[in-house]
Amino acid sequence: GSTQSIDQDGNSTFSPNFVWIKNRDATDAHALFDTVRGATEVLSSDSTAAEATNDDTLTAFESDGFALGDDVIVNTNNESYVAWQWNEGATPGFDIVSYTGNATARTISHNLGVVPEMMIVKNRDQGDNWAVYHSGNTSAPETDYLVLNERDATADLNTVWNDTAPTSSVFTVGTASLVNATGEDFIAYIFAPVEGFSKFSSYIGNGNAYGPMVNVGFQPAFLLLKSTGDNKWILKDTKRSPFNASSLSLVANNSDAELTSDQPIDINSNGFKLRTTGSGVNSSGVAYVYMAFAEHPFKTANAR
């Protein structure tokens, strides 16, 4: 309820380049910030809204976290929040790219040096959907896209990625306004897998309470999961759910408070196991995409 600095804990500390904050206790918008757009510049994953300047939100990126003002979306007195943070660079496999649209299919450079497997793009200047590319989306993911702010099923539209897969140096946008409107500014969050640290892939649900085990090669600390059909974007992490089953969920495409008994999963030393027939994560025969980041990067993890 008043200004404060939030310091990191856990395995390491760093100055974050991307911070995603959500109020767990109240119906408040998700608040996304990055160092390219600058502190106080807010985008919301649950909204089509253009970027807004709010001087009472995230006010600074610090050496081991970030500073906050007193806006309710980041700092209501006695309410609980979660903040997921990423560091930009080729080593962690994450790049933040700003560009201006021109409504002509073209390539945009990135600095990862390897092929991205997930991309999230937002028009900063207009109310427009968030476009998501995911390598596990379909057999030809460059022809399709998902919408972060909606629960919509995968859509096939050649004007989004111009039916062109990203490379180790560029990604391609088509003529669609949500990725390339003339004269408008865009931000793109670009992710590539790093062995032992991150993975972007998919699995098929079996509709059984004893669901599939998804092997990612490390113990996840953070998971974002989405059905390729009509369903919500589910956010799980081990900070909010330190023990199995992990049944606390936030939903990236809406502003709802935390769901306390939702889509339970087990977090294991080498991946995660579905423990529900819930359609959000485990409908029979349905494909789900995910992004996962490690609890103990590059190290052997103990079972939970």
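The coordinates are above.
About the criteria used
Residues numbered from 1 in each chain as written. Predicted model: local features only at pLDDT ≥ 70, side-chain atom pairs only at ≥ 80, totals over all residues. Heavy atoms only, no water. Helix = DSSP H or I, 4+ residues; strand = E, 2+ residues; numbered from the N terminus. Buried < 20%, exposed > 50% of the residue type's maximum accessible area, 1.4 Å probe, protein only. Pairing = 2+ DSSP bridges. Axes fitted to C-alpha atoms, helices over the stretch in contact; angles between N-to-C directions. Contact = heavy atoms within 4.5 Å. Polar contact = N/O pair within 3.5 Å; in protein donor to acceptor, adjacent residues only side chain to side chain.

Caption draft 1: Up close: unusual backbone geometry. Cis geometry is found at the peptide bond from Asn244 to Ala245, where omega equals -5 degrees. In the Ramachandran plot, Thr40 falls in the positive-phi region, its phi being about 75 degrees despite a non-glycine side chain. Residue position: Thr40 is located in the loop between strand 3 (31-34) and strand 4 (41-42). Take Thr40: its relative accessible area is 12%, and that puts it in the buried class. The backbone phi angle of Ala103 is positive, close to 60 degrees, even though this residue is not glycine. For Ala103, the location among the structural elements is in the loop between strand 9 (94-100) and strand 10 (106-109).

Caption draft 2: Broad picture of the sheet that holds strand 1 (residues 4-7). The strand order 1-7-6 describes an open sheet built from three strands, whose pairing is antiparallel. Either end of the sheet is taken by a strand with one partner, and the two such strands are strand 1 and strand 6 (58-62). Going across the sheet, the axis of each strand differs from the next one's by a mean of 20 degrees, ignoring polarity. One ladder, built from four bridges, connects strand 6 with strand 7 (residues 65-68); its direction is antiparallel. Following the sheet pairing, Leu58 is matched in strand 7 by Leu68.

Caption draft 3: Region of the structure containing the pairing of strand 22 (residues 265-268). Here strand 22 runs beside strand 23 (residues 271-274); their pairing, made up of four bridges, is antiparallel. Considered in strand 23, the bridge of Ile265 is made with Leu274. Where strand 22 folds back onto strand 23 in an antiparallel hairpin, the turn is made up of two residues.

Caption draft 4: Representation of the environment of Gln263. Structurally, Gln263 can be placed in the loop between strand 21 (250-251) and strand 22. The class of Gln263 is buried, set by a relative accessible area of 11%. Here the alpha-carbon distance between Gln263 and Leu248, two residues 15 residues apart in the chain, equals 8.0 Å. If sequence neighbours within four positions are ignored, Gln263 has contacts with Lys232, Ile234, Lys236, Ser246, Thr276, Gly278, Ser279, Gly280 and Val281. Polar side-chain contacts of Gln263 include one of 3.3 Å to the backbone nitrogen of Gly280.

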